[in-house]
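Below are the chains, spelled out letter by letter.
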Amino acid sequence: AGHYANSQISLNVQHHQAFDFGLSWRVFDIMACGSLLLTEGASRQPLAALGFEENRHYVAFDHPQQLQQKVDYYLQHSSEAADIINAAYQRVTQQH
């Protein structure tokens, strides 16, 4: 958890064998530690089922180029990243 708390952006990559079993605890650890969750697009549906909204509570990517683009974007737009981080932190600590 300390690594997430010291990171502006934290990456979640689901193992292909875990796609049918939901989410890794990593996504909740990242949001609870105050880091921007950047996760694979396969996480959209399980996160939505729990009430998390893309670009409000987390950021998703669908391919490596998009991952790089989003990392670059949120490093340059820290206030937008902070809004997402704060919303995610509030949601995960109050409701999960």
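Residues numbered from 1 in each chain as written. Predicted model: local features only at pLDDT ≥ 70, side-chain atom pairs only at ≥ 80, totals over all residues. Heavy atoms only, no water.

Draft legend 1. How the structure looks around the side chain of Ser43. Mapping Ser43 onto the fold places it in the loop between strand S2 (36-40) and helix H3 (44-49). At 2.9 Å, the side chain of Ser43 forms a polar contact with the side chain of Thr39. Leaving out residues up to four positions away in the same chain, Ser43 has contacts with Asn12, Gln14 and Leu23. (Helix = DSSP H or I, 4+ residues; strand = E, 2+ residues; numbered from the N terminus. Polar contact = N/O pair within 3.5 Å; in protein donor to acceptor, adjacent residues only side chain to side chain. Contact = heavy atoms within 4.5 Å.)

Draft legend 2. Just the sheet that holds strand S3 (residues 59-61), in detail. Within the open sheet, the three strands sit side by side as S1-S2-S3. Their pairing is parallel. Two strands bound the open sheet, and with one partner strand each, they are strand S1 (9-12) and S3. In this sheet, neighbouring strand axes are inclined to one another by 25° on average, regardless of whether the strands run parallel or antiparallel. The pairing of S2 with S3 spans three bridges and is classified as parallel. What sits directly across from Leu38, in S3, is Val59. Packed onto the sheet, helix H4 (residues 64-76) meets S1, S2 and S3 and runs at close to 150° relative to S3. (Pairing = 2+ DSSP bridges. Axes fitted to C-alpha atoms, helices over the stretch in contact; angles between N-to-C directions.)

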